[in-house]
Amino acid sequence: MKLLAKAILYYLLAALLSFGMGGVLIYFNTNKLIHKDVENFLVNREEIATTQIVNGESISSLNNYEQKVIIIPPISKLNISIFTDTLIYDIIDDKYHPYLQLSLNRKIGKQYYHIEISKSLIETKLLVREIFITMLFVFIGLIVLMIVLNLLISRNMWRPFKDTLKKLKNYKSGQSEPIKFKKTNTYEFSQLNEIIEIMMGKIRNDYLNLKEFTENASHEILTPLAVIKSKTDMLMQLDNLNEHELNFVKAIYDSTVKLSRLNQGLLLLAKIENQQYGSEEKIDLNQLMLNNFKEYKEMADLKEISIRIDLKDTNFIQMNANLSQVLITNLLRNAIKHTKKGGKIELSASQGILKFLNSGDEITNKNFKMFERFQKQNSESLGLGLSIVKKICDRYFIKINYQYSKGLHEFTLLLDTD
Amino acid sequence: MKILIVEDEKELVDDLNEFLDDQGYIIEVAPTTSVAREKIFVYQYDILILDLGLPDGSGLDVLKYVKKHKPQTGIIILTARDSLDDKISGLDLGADDYMTKPFLLSELNARIKSIHRRRNFDGNSTIIFNEIEIDTDKMRVSINDQNLTLTRKEYELILYFVINKNKVLTKESIIEHLWGDHSDMFDSLDFIYTHIKNLRKKMQDMGGADYLKSVYGIGYKFETD
């Protein structure tokens, strides 16, 4: 949920609550006030009636629709004025209407009178309704105003924050420019930007250091490796070595070869992780597969592997040319490497899907993590090939799946086709 | 043939020196870019073996300098830096070949010979050793003036052996030379034996001597004595 939507929702809830409560309060207060007013009116009318009786006007002339005066027998106790709510039938409307009625007994001269005066409350009800409707309009108007204002103010106020977010989203750790935000006079945002700038500066420095380190390390490691390799090479050329000694030299030589491959692989992984392969172009993966296949065909032939290729739809992808090469060759190499003599390999391509199948025994180790570095089936392998494949796939949002069925290892690349 | 080695790692220079000296080249060494520039300015070299990471700058600057002043010099870039950018800029600037450390001396030797042949168009592109004659232009091998019918790999194999005669060549180095760096793809490197056997047979059929010797199962040697 967006911050703005959330804020508006809370505002709305609070407004609803306060307006609701206010509404109830106003309703009761108005009611009470009007009631009081009607009561005063009735008391007033009663006084007029009493005065008229005192002045000797005939009782019949005093009786009308809303006023009733009757002579009653003497009573010991004069009751005090009582107000009652009552319903009186209205002939015109054919309806009962609410009335407030004042009834009391009074002794004027020697006569006892019972006086009943009533007043319709229909106007009161109408008034309350009017007030309610007006309030409703005001309420709705206020809420609409509030939302619009909020939207406008927020859009403006949060702009620096959105800018910051956008910049952070587009930031690549490999980019040469340090991150720089627009100036803002909102204290919180300028604080945030400042902190992020400092933090990113640190990260950038670390990244540059790491990059430099990887390059330096590779240089520093490969040079002594080159020395070892050339020394062992020269040792091997000596005429007076016996087989035993030569095998020692060979062991050193083999390890050096392996170490340099390992170094190259790790370096490549680090470079992919550091996103050092920037430039991208449109790559025809099927064509790439075919081209590379030609190169590896000879090796497959040497292992007497039968190969079937079925490329239907073309698959283009925007990626770094070098990495696409590494991706395809690593998968091809993996297939050839793990296929036994006389086995088979199948390569296929359809819309958005590339498949590499090769025959071989099932991997029995349940904990075997195919795509993690240094996971290997035999000690000869480095265990880097497929982790490099995975890294490249992750980088370009290609899904890679592995499954084993009917004696075939199957690697599937699913391209993000949109 | 004169070769200038521009490299700061002393051990490596010593090995290169010894190995290339053995091949009959005249070797000079420059440990820094400034020394390299001086030497290039004064002397004439056929081939420059150039390390990119030098203490006082990048070998790419030396490369530019050579291309400007002595464009006829062949250049092999030799570097620990397995960086694609360097490789591309190196080749763009006109280097003839590129080798990443660690490399094999026999491989370097093959590439030096190859550049040398390419650079001397008017010179002799034929390598003659006893009864064997290799025409590198036509990629043809003959023994006792009789043509050998060789596969591409067999041709490359015999060329590699003749260039590196009397050197032990490991199976890995042979595979690396013929197929690129793919020796890790094979459970066993013994398939090399088939190629050697075929080559040996074809040569002997034409009356050639048996020069190819197996060395304790680690590799092969083209033995001349």
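You'll find the structure just up there.
Along each chain, residues carry numbers from 1 onward, in the same order as the chain's sequence is written. Chain labels run from A onward and ligand labels from 1 onward, assigned in the order the entries are written. For a predicted model such as this one, the threshold for reporting local features is a pLDDT of at least 70, and the threshold for listing and counting side-chain atom pairs is 80 or more; totals across whole chains, interfaces and linings nevertheless cover every residue. Heavy atoms from the whole structure form the basis of all side-chain values; hydrogens and water molecules are not counted.

## Digging into the sheet that holds strand E3 (residues 95-108) of chain A
All names here are of chain A.
- At least two DSSP bridges between two strands are required for those strands to pair. Strands here mean DSSP runs of E at least two residues long; helices mean DSSP runs of H or I at least four residues long; both are numbered from the N terminus. Pairing in this open sheet of four strands is antiparallel, and the strands run E1-E4-E3-E2 from one edge to the other. Among the strands making up the open sheet, the edge pair consists of strand E1 (67-72) and strand E2 (82-90). Within the sheet, the average angular offset between the axes of one strand and its neighbour, ignoring direction, is 30°.
- Here nine bridges tie E2 to E3, and the two strands are oriented antiparallel to one another. Convention adopted: a line fitted to C-alpha atoms gives each axis, helices being fitted over their contacting stretch, and angles between N-to-C directions are expressed from 0 to 180 degrees.

## Here's the deal with unusual backbone geometry
Residue and element names in this part refer to chain B.
- Looking along the chain, the bond that leaves Lys 101 and enters Pro 102 is cis, with omega of -5°.
- Relative to the helices and strands, Pro 102 is located in the loop between strand E7 (97-100) and helix H5 (105-119).
- In this structure, Asp 145 takes a positive phi of about 65° despite not being glycine.

## Digging into the packing of helix H6 (residues 243-273) of chain A against helix H9 (residues 385-395) of chain A
Residues and elements named next belong to chain A.
- Across the interface, H6 lies against H9 with an axial gap of 10 Å and an inter-helix angle of 15°. The pairing of H6 with H9 is recorded here as roughly parallel in orientation. As H6 runs across H9, the sense of the crossing is left-handed. Where H6 abuts H9, its residues Gly 265, Leu 268, Leu 269, Ile 272 and Glu 273 lie against Ser 387, Ile 388, Lys 391, Ile 392 and Arg 395.
- Residues are grouped as follows: Ala, Val, Leu, Ile, Met, Phe, Trp, Tyr, Cys and Pro are nonpolar; Asp, Glu, Lys and Arg are charged; all remaining types, including Gly, are polar. Looking at the contact of H6 with H9, its residues break down into five nonpolar, two polar and three charged. Oblique is the label for any angle not under 35 degrees, not over 145, and not in the 65 to 115 range, which are roughly parallel, roughly antiparallel and roughly perpendicular in turn. By convention, the crossing between two helices is left-handed when the near helix turns anticlockwise from the far helix through less than a right angle, and right-handed when the turn is clockwise. The contact criterion used is simple: two residues touch if any of their non-hydrogen atoms lie within 4.5 Å.

## A word on the nonpolar core
- Among the buried residues, those of types Ala, Val, Leu, Ile, Met, Phe, Trp, Tyr and Cys that are joined through side-chain atoms within 4.5 Å form a nonpolar core. Classification of residues uses two cut-offs on accessible area relative to the type maximum, computed with a 1.4 Å probe and protein chains only: under 20% is buried, over 50% is exposed, and between them is partly exposed. Ranked by size, the top nonpolar core spans 75 residues in total, and within it A:Leu327, A:Leu331, A:Phe356, A:Ile392, A:Leu413, B:Ile132 and B:Phe161 carry the most contacts.
- Setting aside its immediate chain neighbours within four residues, A:Leu327 contacts A:Met319, A:Val389, A:Ile392, A:Cys393, A:Ile398 and A:Leu413.

## Digging into the side chain of B:Lys167
- Tracing the backbone through its elements, the reader meets B:Lys167 in the loop between helix H6 (152-163) and strand E12 (168-170).
- Residue B:Lys167 is classed as buried on the basis of its relative accessible area of 10%.
- A distance of 3.3 Å separates the side chain of B:Lys167 from the side chain of B:Asp22, its partner in a polar contact.
- Discounting chain neighbours no more than four positions away, the residues touching B:Lys167 are A:Gln237, B:Phe19, B:Asp22, B:Gln23, B:Tyr220, B:Lys221 and B:Phe222. Counted as a polar contact is a pair of N or O atoms within 3.5 Å, where, for protein atoms, one must be capable of donating a hydrogen and the other of accepting one, and residues adjacent in sequence contribute only when both atoms are in side chains.

## Some remarks on the sheet that holds strand E9 (residues 132-135) of chain B
All names here are of chain B.
- Spatial strand order, E8-E9-E10-E11: four strands in an open sheet with antiparallel pairing. Pairing within the sheet leaves two strands with one partner each, and these edge strands are strand E8 (126-129) and strand E11 (146-148). Across the sheet, the mean angle from the axis of one strand to that of its neighbour is 25°, orientation sign disregarded.
- Note: E9 against strand E10 (residues 140-143), four bridges, orientation antiparallel. Bridging from a neighbouring strand, Glu 133 pairs with Ser 142 of E10.
- In this fold H6 packs onto E8, E9 and E10, with an angle of close to 115° to the strand it touches most, E9.

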